[in-house]
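In case you want the letters, here they are:
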Amino acid sequence: MGARIRLLRAALVAVALTLALAPATSADAFSQVYNYYRTHGNVAPCTFSAKTLQQALSAVPPDIQQYAPDFPAAIEAALQDRAQGACATKGSAVAPLVTTAP
């Protein structure tokens, strides 16, 4: 019986490590984006990656219509803003050097 307990413990440790080291899932993305939405009232397009926003959108549970019906639309708007370049890094414009002759 001692060997079974050790095997069970080893299996539980392996599962725990796998979960701890696993990349973010759609459910995690949903939680992150939804918590941001609840706090700020919107989904800023540059706060999350497009992948995270897509994962969050795919994980929206059916009952969200009751609690936050505008949330899916906020994610879609953020994705659209990202697609239109809202998060593209903009180079700093350098003003031309103007000299005057003495």
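What counts, and at which threshold
- Residues numbered from 1 in each chain as written.
- Predicted model: local features only at pLDDT ≥ 70, side-chain atom pairs only at ≥ 80, totals over all residues.
- Heavy atoms only, no water.
- Disulfide = S-S within 2.5 Å.
- Helix = DSSP H or I, 4+ residues; strand = E, 2+ residues; numbered from the N terminus.
- pLDDT = per-residue confidence, 0-100.
- Contact = heavy atoms within 4.5 Å.
- Buried < 20%, exposed > 50% of the residue type's maximum accessible area, 1.4 Å probe, protein only.
- Arc of directions from axis to C-beta.
- Axes fitted to C-alpha atoms, helices over the stretch in contact; angles between N-to-C directions.
- Parallel < 35°, antiparallel > 145°, perpendicular 65-115°, else oblique.
- Nonpolar A, V, L, I, M, F, W, Y, C, P; charged D, E, K, R; others polar.
- Left-handed = near helix turned anticlockwise from the far one by under 90°.
- Expected span 1.5 Å × (residues − 1).

Caption draft 1: Structural context of the state of the cysteines. Inspection of the entire model under this criterion finds one disulfide. A sulfur-sulfur separation of 2.0 Å characterises the disulfide bridge that pairs Cys46 with Cys87. Classification of the bridge connecting Cys46 and Cys87 rests on its S-S torsion, roughly -100°, and on that basis the disulfide is left-handed. A residue pair is termed long-range when its members are at least 10 positions apart, and Cys46 in the loop between α2 (26–40) and α3 (50–58) and Cys87 in the segment after α5 (71–83) qualify at 41 residues.

Caption draft 2: Local environment of the confidence of the model for the protein chain. When pLDDT is averaged along the protein chain, the result is 78, and 69% of the positions lie at 70 or above. By mean pLDDT, the top-scoring element of the protein chain is α5 (96), and the lowest-scoring one is helix α1 (residues 2–21) (57). This stretch, residues 92–100, has a pLDDT under 50; its non-local contacts, to residues over four places away or in other chains, come to zero contacts.

Caption draft 3: Region of the structure containing α3. Turning to α3, its buried residues are Thr52, Leu53, Gln55 and Ala56. Across the axial projection of α3, the buried residues extend over an arc of 160°, all falling on one side. More than 90 degrees from the buried face of α3, the exposed residues found are Lys51 and Ser58. On the buried face of α3, the contacting elements are α2 and α5.

Caption draft 4: Molecular detail of the packing of α2 against α3. The geometry of α2 relative to α3 is characterised by a closest axis approach of 7 Å and an angle of 100° between their N-to-C directions. Taken as axis vectors, α2 and α3 run roughly perpendicular relative to one another. Of α3, the residues touching α2 (which contributes Ser26, Ala29, Phe30, Gln32 and Val33) are Thr52, Leu53, Gln55, Ala56 and Ser58. Counted by class, the contact of α2 with α3 contains five nonpolar, five polar and no charged residues.

Caption draft 5: Spatial organisation of the environment of Tyr34. In this structure, Tyr34 sits in helix α2. Linking Tyr34 and Ala56, residues 22 residues apart in sequence, is a C-alpha distance of 8.1 Å. Beyond its immediate stretch of four places on either side in the chain, Tyr34 contacts Ile64, Tyr67, Ala68 and Phe71.

Caption draft 6: Representation of the packing of α3 against α5 within the structure. Two elements in contact, α3 and α5, have axes whose closest approach is 10 Å; the angle formed by their N-to-C orientations is 155°. If you check the angle between α3 and α5, you find them roughly antiparallel. As α3 packs across α5, the resulting crossing turns out to be left-handed. Along the contact surface, α3 presents Ala50, Leu53, Gln54, Ala56 and Leu57, while α5 presents Pro72, Ile75, Glu76, Ala78, Leu79 and Arg82. Its residues assigned to classes, the contact of α3 with α5 comprises eight nonpolar, one polar and two charged.

Caption draft 7: Main features of α2. Over its 15 residues, α2 runs 21 Å from end to end, which matches the ideal 21 Å to within 8%, given 1.5 Å per residue. Each element contacted by the buried residues of α2 is listed here: α3, α4 (64–67) and α5. The positive-phi residue at the C-terminal boundary of α2 is Gly41, with phi of around 80°.

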